[in-house]
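Working through the structure, step by step
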Amino acid sequence: MSTNSTMTTSPADDSDKAHNEWLKNRFSKQHQQLIPIVAVADMFFSCNQARKTDQVDYQLSHLISEMDKNTLAEKLAHCLGEDTMQSDVALNFGLFGCFHQQLAHLPKAEREQKMHLVKQAMSSLSHEERKKSFTQCVTQQSIHYLK
């Protein structure tokens, strides 16, 4: 074991730094690409639960990780109907989907209680506040799906 503590960097240290930087860049790009998919999946998940436009009861993980993104977008558009992706209705669906995922680990009774609190809180928030909450929730949720 070497006790050399000089402040110079070796080529191996430079290589490690370059590799770490590459990893950061790679996963940052992957994360940025995943965020819109997660947002659409959250919206469709809740929309489909409420409106039953698709006969399949999808899991969020399937929508995010396995479904083709174009198919997912088409399913969301069909489910939303006259509502746009920027509408309050779509935003609320997105928030419900994201919180559903975040609370999935809780026992059913506790999860239902917390979802009721989410619904109450959402009714008092402005569109901008809900949009900010959805963005934060989706960003955190996306980290879970990074591979």
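Use the structure listed above.
Here the structure is a predicted model, which is why all the values come from computation and not from measurement.

Some remarks on the packing of helix H4 (residues 88-102) against helix H6 (residues 127-145)
A pair of packed helices is captured by two measures, namely the crossing angle of their axes and the spacing between those axes. Look at H4 against H6: their axes get within 9 Å of each other, and the N-to-C directions meet at 40 degrees. Here H4 lies oblique to H6, going by the angle between them. Between H4 and H6 the crossing geometry is left-handed. Contact residues: Asp88, Leu91, Asn92, Gly94, Leu95, Cys98, Phe99, Gln101 and Gln102 in H4; His127, Arg130, Lys131, Ser133, Phe134, Cys137, Val138, Gln140, Gln141, His144 and Tyr145 in H6. Considering only residue class, the contact of H4 with H6 consists of 8 nonpolar, 9 polar and 3 charged.

What to know about H4
One turn of an α-helix holds 3.6 residues; hence residues three or four places apart share an orientation. Compared with an ideal rise of 1.5 Å per residue, which puts 15 residues at 21 Å, H4 spans 21 Å between its outermost C-alpha atoms and is within 8% of the ideal. Looking only at H4, the buried set comprises Ala90, Leu91, Phe93, Gly94, Leu95, Gly97 and Cys98.

Observations concerning the packing of aromatic side chains
Counting across every chain of the model gives 1 aromatic pair. A ring pair is formed by phenylalanine 44 and tyrosine 58, whose centres lie 5.8 Å apart and whose planes are at 55 degrees; its orientation type is tilted. Placement of the pair is phenylalanine 44 in helix H1 (residues 11-51) and tyrosine 58 in the loop between H1 and helix H2 (60-65), with a sequence separation of 14 residues. Accessibility assignment for this pair places phenylalanine 44 and tyrosine 58 in one class, buried. The lysine or arginine in question, lysine 119, covers the ring of phenylalanine 96, its NZ or CZ lying 5.7 Å from the ring centre.

As for the state of the cysteines
Under the counting rule described, the total for this entry stands at 2 disulfides. With its sulfur 2.0 Å from that of its partner, cysteine 47 forms a disulfide with cysteine 79. Across the S-S bond linking cysteine 47 and cysteine 79, the dihedral sits near -105 degrees, which makes this disulfide left-handed. Taken together, the positions of cysteine 47 in helix H1 and cysteine 79 in helix H3 (residues 69-80) put the pair 32 residues apart, joining distant regions of the chain.

Some words on the nonpolar core
Core analysis: the largest hydrophobic core is formed by 30 residues, its most contacted members being Phe44, Leu60, Leu63, Ile64, Leu72, Phe134 and Val138. Among the elements of the structure, H1, H2, H3, H4, helix H5 (108-124) and H6 are those that each provide at least two residues to this core. For this core, the element with the most residues is H1, which contributes 10 residues.

Details of the layout of surface pockets
Looking at the largest pocket, its volume works out to about 310 Å³. Along the wall of the largest pocket there are 15 residues; nearest its centre are Ala39, Met43, Lys131, Phe134 and Thr135. Those elements giving two or more residues to the lining of the largest pocket turn out to be H1 and H6. Here the lining of the largest pocket gets 6 residues from one element, more than from any other, and that element is H6. Residues that form the lining of the largest pocket fall into these classes: 9 nonpolar, 5 polar and 1 charged.

What counts and what doesn't
- Residues numbered from 1 in each chain as written.
- Predicted model: local features only at pLDDT ≥ 70, side-chain atom pairs only at ≥ 80, totals over all residues.
- Heavy atoms only, no water.
- Axes fitted to C-alpha atoms, helices over the stretch in contact; angles between N-to-C directions.
- Helix = DSSP H or I, 4+ residues; strand = E, 2+ residues; numbered from the N terminus.
- Parallel < 35°, antiparallel > 145°, perpendicular 65-115°, else oblique.
- Left-handed = near helix turned anticlockwise from the far one by under 90°.
- Contact = heavy atoms within 4.5 Å.
- Nonpolar A, V, L, I, M, F, W, Y, C, P; charged D, E, K, R; others polar.
- Expected span 1.5 Å × (residues − 1).
- Buried < 20%, exposed > 50% of the residue type's maximum accessible area, 1.4 Å probe, protein only.
- Phe/Tyr/Trp six-rings, centres within 6.5 Å; stacked < 30°, edge-to-face > 60°.
- Lys NZ or Arg CZ within 6 Å of the ring centre and 35° of its normal.
- Disulfide = S-S within 2.5 Å.
- Core = buried A, V, L, I, M, F, W, Y, C linked by side-chain atoms within 4.5 Å.
- 1 Å grid on protein atoms, 1.4 Å probe; cavity = no way out; pocket = protein on both sides within 12 Å on 5 of 7 lines; lining within 4 Å.
- Points joined across faces, edges and corners; volume = space filled by probe spheres on them.

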